[in-house]
Amino acid sequence: MKVLILGGTTEASALANALAERSIPALFSYAGRVAAPKVQPLPTRIGGFGGVDGLAAFLAEQRITHLVDATHPFAAQMSQHAVAAASLSGIPCMALTRPPWQPGPGDRWHHVASIEAAVDALAGPSRRILLAIGRMHLASFASQPQHHYLLRLVDEPSTPPPLPHHRVIVDRGPFTLDNDLQLLREHRIECLVCKNSGGEGSMSKLIAARQLGLPVVMVERHSPPQRQEVHDVDSVLAWLAHDTVPDGSELGA
């Protein structure tokens, strides 16, 4: 058995630790969008594969037997490539995902289907906006230049965002409710924009918005490709165990 983890999430790191503790051969792959990715207990590569064919070639070259897609819930293209490459290679593929957030009592969520729809939702008078969407889509909000944007990013942007009024805070989660309440109050935030990433590590901003009565523009996920999907590391380990016999050797070996 040899597992390839397509990572970048806290769930991917938890799976890497579990496989390393059990001495299950595995590789960890980062997309390369973060300047200083978390160090993993497994052999690690960084960068793309060159599409479906490139990923399939990598799976064959590395003799990968199982592919686990533990990428960000909004890494839609990579997830599609994972399913297609696994099918092409004839190996099983599992997605380790976070359930999406669900609104609760007191939440003021405005659900939108895309970044473009989130931009349109900000039409109107100037407000102070917490833009918690990562750095890839910041330029889209230049069409709503009247707002004062607070940008919370993992890395300092290499070029200034094309937003006339903005401030960058470089920070990495998980975040706490107290810190997020302080952040929203200190910067007098009037509205949040975020992706429905799910997970506990960045949910505190939503609880803070609820407590302060702030509206949230929530960008919802696209429908994932047809695939097996679980939400915890134990389920991935159980899936892997189905392909081994009691002595730990691979079936058919």
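Counting starts from 1 at the beginning of each chain's written sequence and moves along it residue by residue. Only residues with pLDDT of at least 70 get local features here, since the model is predicted, and only at 80 or more are side-chain atom pairs given and counted; chain-wide, interface and lining totals rely on the full set of residues. Water and hydrogen atoms were dropped before computing side-chain values, which therefore reflect all heavy atoms in the structure.

K.L.:
Explain the overall build of the protein chain to me, please; I cannot follow it from the model alone.
P.N.:
Helix and strand labels come from DSSP, where a helix needs a run of H or I of at least four residues and a strand needs a run of E of at least two; each type is numbered from the N terminus. Within the protein chain, the secondary structure is distributed over 7 helices and 12 strands. Compactness check: the protein chain gives a C-alpha radius of gyration of 20 Å against a globular reference of 18 Å for 253 residues, within 12% of the reference. Along the three orthogonal principal directions, the C-alpha set of the protein chain runs to about 65 × 35 × 30 Å. Expressed as a percentage of its 253 residues, the buried residues of the protein chain come to 42%. In the protein chain, 63% of the contacts between residues at least 6 apart in sequence involve partners at least 24 apart. The size measure is the radius of gyration over C-alpha atoms, and the globule rule it meets is 2.2 Å times the number of residues to the 0.38 power. Three exposure classes are used, based on accessible area relative to the maximum for each residue type with a 1.4 Å probe and protein chains only: buried under 20%, partly exposed in between, and exposed over 50%. Contact between two residues is taken to exist if any of their heavy atoms lie within 4.5 Å; hydrogens are not considered.

K.L.:
Looking at this structure, I do not really get the pairing of strand β2 (residues 26–30). What am I missing?
P.N.:
On a regular strand, one side chain projects to one face of the sheet and the next to the other, so that they alternate. Of all 5 residues in β2, 5 are buried, a share of seventy percent or more. What you see with β2 is no split at all: Ala26, Phe28 and Tyr30 on one side and Leu27 and Ser29 on the other are buried throughout. A pair of strands is considered paired only if DSSP assigns at least 2 bridges between the two. Sheet analysis places strand β1 (residues 3–6) next to β2, joined by 4 bridges and oriented parallel. Residue pairing across strands places Leu6 opposite Ser29, the latter belonging to β2. Inspection of the sheet shows β2 paired to strand β3 (residues 44–46) by 3 bridges, in the parallel sense. Opposite Tyr30, over in β3, you have Ile46 as the bridge partner.

By themselves, these are just geometric observations and shouldn't be taken as functional.
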